[in-house]
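# Structural overview
Read off the chains here:
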Amino acid sequence: MRGTLTAIASKNKTNSPNYDVIVIGSGMGGLVTATQLAAKGAKVLVLEKYLIPGGSAGYFEREGYRFDVGASMIFGFGTQGTTNLLTRALEAVNVSLETIPDPVQIHYHLPQGLDLKVHRDYEKFLEELIAKFPQEKAGIRRFYDECWQVFNCLNAMELLSLEEPRYLMRVFFQHPFACLGLVKYLPQNAGDIARRYIRDPELLKFIDMECYCWSVVPADRTPMINAGMVFSDRHYGGINYPKGGVGQIPQKLVEGLEKAGGEIHYKARVTKILLEKGKAVGVQLANGQQFYAKRIVSNATRWDTFEKLLPPEMMPKSEQKWQQRYQKSPSFLSLHLGVKADLLPPGTECHHILLEDWDNMEAEQGTIFVSIPTLLDPSLAPPDHHIIHTFTPSWIEQWQGLSPQNYQKQKDEAASRLIERLERIFPGLNQALDYEEVGTPRTHRRFLGRDGGTYGPIPGRKLAGLLGMPFNRTAIAGLYCVGDSTFPGQGLNAVAFSGFACGHRIAVDLGL
Ligand SMILES: NC(=O)c1ccc[n+]([C@@H]2O[C@H](COP(=O)([O-])OP(=O)(O)OC[C@H]3O[C@@H](n4cnc5c(N)ncnc54)[C@H](O)[C@@H]3O)[C@@H](O)[C@H]2O)c1
Ligand SMILES: CC(C)=CCC/C(C)=C/C=C/C(C)=C/C=C/C(C)=C/C=C/C=C(C)/C=C/C=C(C)/C=C/C=C(\C)CCC=C(C)C
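Figured I'd write up the structure that's included with this text. Keep in mind the model is a prediction, meaning the values are calculated, not measured. (Residues numbered from 1 in each chain as written. Chains lettered and ligands numbered in written order. Predicted model: local features only at pLDDT ≥ 70, side-chain atom pairs only at ≥ 80, totals over all residues. Heavy atoms only, no water.)

## Quick look at the overall build of the chain
Along its length, the chain carries 16 helices and 20 strands. Over its C-alpha atoms the chain spans a radius of gyration of 22 Å, differing by no more than 12% from the 24 Å that the globule rule assigns to 512 residues. Judged by the C-alpha coordinates and their principal axes, the chain covers about 65 × 55 × 40 Å. In the chain, buried positions account for 61% of the 512 residues. If you take every contact in the chain between residues at least 6 apart in sequence, the share linking residues at least 24 apart comes to 72%. Counting only carbon and sulfur atoms, one obtains 52% of the accessible surface of the chain, whose full area is about 20,300 Å². The chain carries 55 positive and 54 negative side-chain charges, and their two centres are separated by 9 Å. (Helix = DSSP H or I, 4+ residues; strand = E, 2+ residues; numbered from the N terminus. Rg over C-alpha atoms; globule rule 2.2 N^0.38 Å. Buried < 20%, exposed > 50% of the residue type's maximum accessible area, 1.4 Å probe, protein only. Contact = heavy atoms within 4.5 Å. Areas by Shrake-Rupley, 256 points an atom, 1.4 Å probe, with all protein chains shown as cover. Lys, Arg positive; Asp, Glu negative; His and termini not counted. Charge placed at Lys NZ, Arg CZ, Asp CG, Glu CD.)

Laid out in structure tokens, this is it:
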């Protein structure tokens, strides 16, 4: 139903065309908002500062390798239920992607020889975990089964904006028990529920790692709603890798956006959100160009949006409060490696987590993450070679104030340390190297435009589950936020949800 809205901007101040909605940034949050609105007939413009779409779901190519920038373990590509938000986002604009199922979510290599795999098959995973902790057989099952209760509530209902009362009423009448179930879990954290059933300290540390490796905080600060999604969907929709690399997801969404009449401009860095009588009415780019629209959406982080794109006196009280509750998570030190294929024995899994000492789980460069996407899609590397993308949390402060020589030296030393530690699971790694590129928190800050290169917001202290995470509307009229600094937080499927919710709220506000 294109054309129902004829994009009359607040005031026709410039010769530039007018839009219903401008989206700042083409991360997955921004693109899902844009495509949802374009599919409903809104005139949408996406402004992206980089050369390609995707943000953390982007890619780069070097010497025959196609490396994923960040996201690599992809939820949301299932074929059933309602939580398969990536599948649904693509379908909404009539595009699709071939995906490759991953039989194991993670192969853990943890302290004291705790070595185990999270199989796609739920019972097989539980069997393997129970074999390591037989005394906790009942507790293990009760904890993970409770995660399914959360998931089953979510997976029964249409997922849209929780800021839209008519939608809330509708889902409540359609699924009263699922809604009440979610209301019960919204203020809870996974750690408290795990402690209800499990006593073994090592098993509780394992549950902490199960949360930390995607939420970057231990279980007692991980919202139960998010844990329910991750710990169940990995066995339901499963982890599926997009053929051609993660960068295909945003590229397909852009294809769909353009087919639906939307526009995207690259190398378009927004430096200002333009206000009129306190309402967001447009944006200004670094080159001075201005664009106007009825609604403005920022896919930049909240820190970037409120501290860099708006004048300091416009910082809303609610944002100041949010910043007291949530802090920036660390960024990552990433190594993009090309290796000879014979390094990896048959049966090697795609994703690994390595930690040698529990005390270092949250430490700078403590936990190591590994993703080997070429085990699922060999076309991403030259013949007889694999990609190993490995990363470890690191703070921007570690990389600031260094001379160019010292920055390079520190990168080289950190890369060597990572490779040395990885030799434990991939003996011969150093000898098998064919290509190496190191990214630091400074790289993530520069290419993703994220303050401090942060992976996203984390609770500064223990909070009541998801209750503190803001939705899409902001205290500034006409301005919305989308992406991982809005409900429900980090993760491609999570930011896709925030995109569905943001698109829905704006569509209602515009009367679409
Ligand atoms: N699954 C995984 O393995 C994994 C790994 C890393 C990250 N991720 C997820 O990816 C998610 C990120 O998604 P997102 O949508 O919140 O954001 P994003 O950071 O991916 O995208 C933001 C986009 O906005 C652009 N941008 C920023 N400031 C701009 C400006 N002023 N003008 C124009 N463009 C600007 C950036 O270039 C980027 O493309 C994170 O939540 C994270 O969890 C997943
Ligand atoms: C009416 C009434 C009364 C009421 C109402 C209530 C309701 C309805 C409620 C609702 C709610 C909701 C809807 C919610 C939602 C949620 C969601 C969607 C969520 C989601 C989530 C997701 C997630 C969290 C995900 C994540 C993921 C991630 C982060 C991942 C990552 C990964 C990584 C980093 C890893 C890597 C690794 C290696 C490499 C090894």
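## Things to note about the pattern of salt bridges
Pairing is possible between side chains that carry opposite charge, provided their charged atoms lie close to one another. What the rule picks out here adds up to 20 salt bridges. Of the charged contacts, one joins K409 and E413 as a salt bridge, the two residues approaching to 3.6 Å between their closest N and O atoms. Separated by four residues within a single helix, K409 and E413 lie in helix α13 (residues 404-422), roughly one turn from each other. Salt-bridge contacts for R450 lead to D484; the nearest nitrogen and oxygen are separated by 2.6 Å. On the criterion of sequence distance, the pair formed by R450 in the loop between α15 (441-448) and β19 (457-459) and D484 in the loop between β20 (479-481) and α16 (492-509) is long-range, its members being 34 residues apart. Each member of the pair, R450 as well as D484, carries the same accessibility label: buried. Via salt bridges that share partners, D304, K308, K328 and D451 belong to a single interconnected network. (Salt bridge = Lys/Arg side-chain N within 4 Å of Asp/Glu carboxyl O.)

## Digging into the pairing of strand β14 (residues 331-340)
Within β14, nine of the 10 residues are buried, leaving the element largely enclosed by the surrounding structure. When β14 meets strand β17 (residues 385-394), the two strands line up antiparallel, connected through 10 bridges. Bridged to H336 within β17 is H389. Looking at chain direction, β14 and strand β18 (residues 433-439) are connected through six bridges and run antiparallel. Counterpart to H336 in the pairing with β18 is E437. (Pairing = 2+ DSSP bridges.)

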